[in-house]
Amino acid sequence: MRAIQLIEPKKFPELRDIPEPTPGPGQVLLKVTAAGLCHSDIAVMEHYAVANNYPLPMTLGHECVGTIVDAGEGARPLVTMGENVMVYGPGGCGRCRMCSTGYENYCYNAAALNITPPGLGHDGGCAEYMLVDRARYCVPIGDLDPVTAAPLTDAALTPYHALQHSRSKLDANSVAVVIGVGGLGHIAIQLIKHLTPAEVVALDISDEHLSLAKKLGADFCFKSDKDAPGKVKDITHGHGAEVVFDFVGNQATIDLGVQMTRVRGDWNIVGIGGGLANVGFGATPFECQVFSPYWGTRTDLYDVVALAQRGAIKIHTEKYNLDDGVEAYHRLHEGKVMGRAVLVP
Ligand code: NAD
Ligand code: ZN
Ligand code: ZN
């Protein structure tokens, strides 16, 4: 079968022919129908694969949707052949105290047991077939289109999870700032508008991405530059936003984020752009809470699917076949993708 694999760190992946996988005990085999390309894949190429000692070659892709075509011993009674499912990525051991509260994404044992998400430690979904390690990671998508369903598993799940802990701060008098209107950010805007009465300010360096933000319901759209904090202060009576969601996380956006968050506000640093925040008395607004959330829970994913099924989130996608997948990664790297690039093997 064909798969887009990272072969060497610091290089773009390649389209290769590799053997079709067969499911072992507990595993489920999917015929992949869609795989979203996340900016984190660029970080995997640039440094994560080395930092986390990922075994290479490794098939990329952690936003996966497919049809169940086979299952190993133990998994077979738990799934239905022909069912269309998405893959919950950040699964845990299912047994530890953290998993018991539903936060499998923060499993205490995942590292020790080498439990990794597809495409982030073992072969992912940018291929014709993929293995899912546990039947419970297969979440039904019903009649959702696989192409728009794939980004729900991360580009929607991650901002949804971040919004869960900050939602109580977003009432009718509140302002939320979304920095970076890419795969995650364009969905975050819609989630905030749908789930809270707050006004949304979108920031990006690209005019095209800002016009997408406007179309999706952002109340204010500003260039992400040194003047942005002043503009946010102007519309918040000088106080700053109740909640800031940073979907870039480089030093430039972190330096802006702290200036835009108000006293007792929430500052969510979701992007993994390598920036570091200076946090402490005098450095951050009084009683400001700083979050660095990772992905989301399986419950959150079921919620996100329900929202998509009733039309509350519209995923903006660019479709690519496997032959054009590497080119799609180049476009993502160059900031040219609008919404989410999705591979259709
Ligand atoms: P993307 O490439 O689709 O979007 C990034 C957006 O940010 C683009 O619109 C780009 O124009 C904009 N941007 C770039 N520099 C900017 C700046 N200085 N100010 C404002 N906007 C700027 O990326 P994505 O797939 O949406 O991912 C966003 C970030 O979130 C990445 O760092 C990714 O690795 C990370 N991520 C984190 C998690 C998590 O669990 N914490 C999950 C998924 C992705
Ligand atoms: Zn991702
Ligand atoms: Zn666990």
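Everything here concerns the structure above.
An account of the accompanying structure is given in this report.

Conventions used here
- Residues numbered from 1 in each chain as written.
- Chains lettered and ligands numbered in written order.
- Predicted model: local features only at pLDDT ≥ 70, side-chain atom pairs only at ≥ 80, totals over all residues.
- Heavy atoms only, no water.
- Helix = DSSP H or I, 4+ residues; strand = E, 2+ residues; numbered from the N terminus.
- Buried < 20%, exposed > 50% of the residue type's maximum accessible area, 1.4 Å probe, protein only.
- Donors = N, O, S within 2.8 Å, 3.2 Å for Na, K, Ca; no water.

1. A few points about unusual backbone geometry
Next, step 1: Each neighbour pair has its own omega, and for Leu-56 with Pro-57 the value is -5 degrees, a cis peptide bond.
Next, step 2: Relative to the elements of secondary structure, Pro-57 occurs in the loop between helix 1 (39–51) and strand 4 (58–59).
Next, step 3: With a phi close to 60 degrees, Asn-53 is a non-glycine residue in the positive phi region.
Next, step 4: By secondary structure assignment, the location of Asn-53 is in the loop between helix 1 and strand 4.
Next, step 5: We classify Asn-53 as exposed; its relative accessible area is 67%.
Next, step 6: Notably, Asn-114 is not glycine yet its phi reads approximately 55 degrees, a positive angle.
Next, step 7: The residue Asn-114 is located in the loop between helix 3 (110–113) and strand 7 (129–132) in this model.

2. Side note on the coordination of the zinc ion (ligand 2)
Next, step 1: At 1.8 to 2.3 Å from the zinc ion (ligand 2) lie its protein donor atoms, namely Cys-38 (SG), His-62 (NE2) and Asp-154 (OD).
Next, step 2: Here the donor residues for the zinc ion (ligand 2) map to a single chain with the spacing C-x23-H-x91-D. One end of the pair, Cys-38, is in the loop between strand 3 (28–37) and helix 1; the other, Asp-154, is in the loop between helix 4 (146–149) and helix 5 (157–166), and 116 residues separate them in sequence. When sorted by exposure, Cys-38 lands in the same class as Asp-154, which is buried.

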